[in-house]
Amino acid sequence: MKSYKTGKMADEPLQGHIKPSGHINKQFARREVRERGGWQYLARDRRGFITLLGGVAAAWPLSAGAQQGENIRRICVLTAGVGADDPDAQIRNAEFVLALQQLGWTSGRNLRIDYFWGSGQDDLAALAPDVILANGTASLAALLQATRMVPIIFVNVADPVGAGFVDSLRRPGGNVTGFMQFEYSLSGKWLELLKQIAPSVTRAAVLRDPALTSGIGQFAVIQSVAPTVGVDVIPVSVRDAAEIERAVAAFARASNGGLVVTSSALTVRHRDLIIALAVQHKLPAVYYERLFASAGGLISYGPDFVDQFRRSAGYVDRILKGERPADLPVQAPTKYELVINLKTAKALGLEVPPTLLARADEVIE
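A brief look at the structure comes next. (Residues numbered from 1 in each chain as written. Predicted model: local features only at pLDDT ≥ 70, side-chain atom pairs only at ≥ 80, totals over all residues. Heavy atoms only, no water.)

**A look at the overall build of the chain**
Then, in step 1: What the chain contains, in helices and strands, is 12 helices and 15 strands.
Then, in step 2: The proportion of buried residues among the 365 residues of the chain is 55%.
Then, in step 3: Long-range contacts, defined as pairs at least 24 residues apart, comprise 71% of the intrachain contacts of the chain with a sequence gap of at least 6. (Helix = DSSP H or I, 4+ residues; strand = E, 2+ residues; numbered from the N terminus. Buried < 20%, exposed > 50% of the residue type's maximum accessible area, 1.4 Å probe, protein only. Contact = heavy atoms within 4.5 Å.)

As structure tokens, then:
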């Protein structure tokens, strides 16, 4: 499987959303990272694993290279939905570390980072870190059960106000702020993209987590857009694998169907199953982030989460220097990316419109 950045900018972003800039480099872009007197390389290719400072799943040692009397600050990173071996998660964490280094924070000199995967929020809070970085709604919800004192920066959270995590986007209050996943208006673009890549689709099953306010909100926006694109939509809950299999199989019995997969920890947890069902039942599917397209999904459109991790380092830096989460506004994404998997399109018998390919930020072959 080959993947390449198109290196082309569309004349206009999708419905007013900002597209990322950048250029193509088919070779791995590398950065050198100093750690304990030696150099290691970070492979920046999205499809490859990253090995950074011995791996991001373990705590960084404090002793080597520490300067006499310098105060070492502690950051904990909590990620739900994926494991430590997930390549996208490794890339995001590595970019977070690099951004911190650019701000003057170096492991072993003035910083320690501990990583937690899936759960462990009680142990994390007991460490009394200076700052916690929470990746995803599930991570943030669990953390707020454990602590209301430790400053928390979140990324990849869909509706922080509706979920009750912050008082408002402008003035979060409490010990939490960060970077929201997207604005609800983005959800309607997924249905529009489904119709563009598969014009014969007249029915769409929308996979969502009904227990989340964001799951309800995303479906509501998709439902409001449906009449304008001529597609009937039905909600499909993603509480467990058996429910997903039954619902998708029943939906696929009728013709001209497609899928829209909305944002939730459950859709990430069941991503391999969802992608396999879409292929098995010949259902064109649109996903909310690139990790689905890179795993074999047809098309994705959503925020550049690597960029959010880079930006979160700035908030961590400000908190370590004395600012409060309550005074730092929640920020919306500034970069969005469209990814198309041509191999999957071919397997589904779809010919991707040239105009859609021209707008893609990445094409997987």
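We are not done yet, so read on.
**Quick word on the packing of aromatic side chains**
Then, in step 1: As enumerated under the stated definition, the model contains five aromatic pairs in all.
Then, in step 2: Summarising the aromatic geometry, the rings of Y287 and F292 are spaced 5.0 Å apart at their centres and angled 10° between planes, so their arrangement reads as stacked. Taken individually, Y287 and F292 each receive the classification buried, so the pair is uniform in this respect.
Then, in step 3: Ring geometry for Y288 and F292: centres 5.4 Å apart, planes at 55°, overall tilted.
Then, in step 4: Note on Y288: relative accessible area 2%, which makes it buried.
Then, in step 5: A relative accessible area of 0% means that F292 is categorised as buried.
Then, in step 6: Members of the aromatic cluster, joined through ring pairs, are Y287, Y288 and F292.
Then, in step 7: For the cation-ring pair, R203 lies above F251, with the distance from its terminal atom to the ring centre recorded as 4.0 Å.
Then, in step 8: The aromatic ring of F219 is capped on one face by R208, whose charged end is 5.2 Å from the ring centroid. (Phe/Tyr/Trp six-rings, centres within 6.5 Å; stacked < 30°, edge-to-face > 60°. Lys NZ or Arg CZ within 6 Å of the ring centre and 35° of its normal.)

**Focus: the nonpolar core**
Then, in step 1: One finds F96 and L191 to be the most contacted residues of the largest nonpolar core, which totals 80 residues.
Then, in step 2: Discounting chain neighbours no more than four positions away, the residues touching L191 are A204, I222, V225, A226, V229, V231, V233 and V260.
Then, in step 3: Core analysis: the next-biggest nonpolar cluster, separate from the first, contains 18 residues, L124, L143, V150 and I152 among them. (Core = buried A, V, L, I, M, F, W, Y, C linked by side-chain atoms within 4.5 Å.)

**Things to note about the sheet that holds strand 4 (residues 73-79)**
Then, in step 1: The strand order across the open sheet formed by five strands is 5-4-6-7-8, and the pairing between neighbours is parallel. In this open sheet, the two strands that pair with only one neighbour each are strand 5 (111-117) and strand 8 (176-180). Strand after strand, the sheet turns through a mean of 15° between neighbouring axes, direction not considered.
Then, in step 2: Both strand 6 (residues 131-135) and strand 7 (residues 152-157) contribute to a ladder of four bridges, which runs parallel. Along strand 7, the bridge assignment pairs N135 with V155. (Pairing = 2+ DSSP bridges. Axes fitted to C-alpha atoms, helices over the stretch in contact; angles between N-to-C directions.)

**With respect to the packing of helix 4 (residues 186-197) against helix 5 (residues 213-229)**
Two packed helices can be described by the angle between their axes and the distance between those axes.
Then, in step 1: Running from amino to carboxyl end, helix 4 crosses helix 5 at an angle of 40°, the nearest separation of the two axes being 7 Å. Taken together, the axes of helix 4 and helix 5 lie oblique to each other. Crossing hand, helix 4 versus helix 5: right-handed. For the pair helix 4 and helix 5, the contacting residues are S187, G188, W190, L191, E192 and K195 in the first and Q218, V221, I222, V225, A226 and V229 in the second. (Parallel < 35°, antiparallel > 145°, perpendicular 65-115°, else oblique. Left-handed = near helix turned anticlockwise from the far one by under 90°.)

**Points about the packing of helix 6 (residues 241-251) against helix 8 (residues 271-280)**
Then, in step 1: Axis separation between helix 6 and helix 8 bottoms out at 11 Å; the angle between their running directions is 15°. Between helix 6 and helix 8, the angle is such that the two are roughly parallel. Along this stretch, helix 6 crosses helix 8, giving a crossing that reads as right-handed. Where helix 6 approaches helix 8, its residues A241, I244, E245 and V248 are matched on the opposing element by L273, I274 and L277.

**Comments concerning the pattern of salt bridges**
Note that side chains of opposite charge can pair when their charged atoms are close.
Then, in step 1: Scanning the model with the defined rule gives 15 salt bridges in all.
Then, in step 2: Across the pair D130 and R73 runs a salt bridge, and its minimum N-O distance is 3.4 Å. Here R73 lies in strand 4 and D130 lies in the loop between helix 2 (121-126) and strand 6, a separation of 57 residues in the sequence.
Then, in step 3: Given a relative accessible area of 25%, D130 falls into the partly exposed group.
Then, in step 4: For R73, a relative accessible area of 18% translates into the label buried.
Then, in step 5: Between R239 and E243 there is a salt bridge whose closest N-O contact spans 2.9 Å.
Then, in step 6: Given a relative accessible area of 18%, E243 falls into the buried group.
Then, in step 7: Through salt bridges with shared partners, one network takes in E95, D307, R310, R311 and K335. (Salt bridge = Lys/Arg side-chain N within 4 Å of Asp/Glu carboxyl O.)

Taken by themselves, the reported measurements are silent on function.
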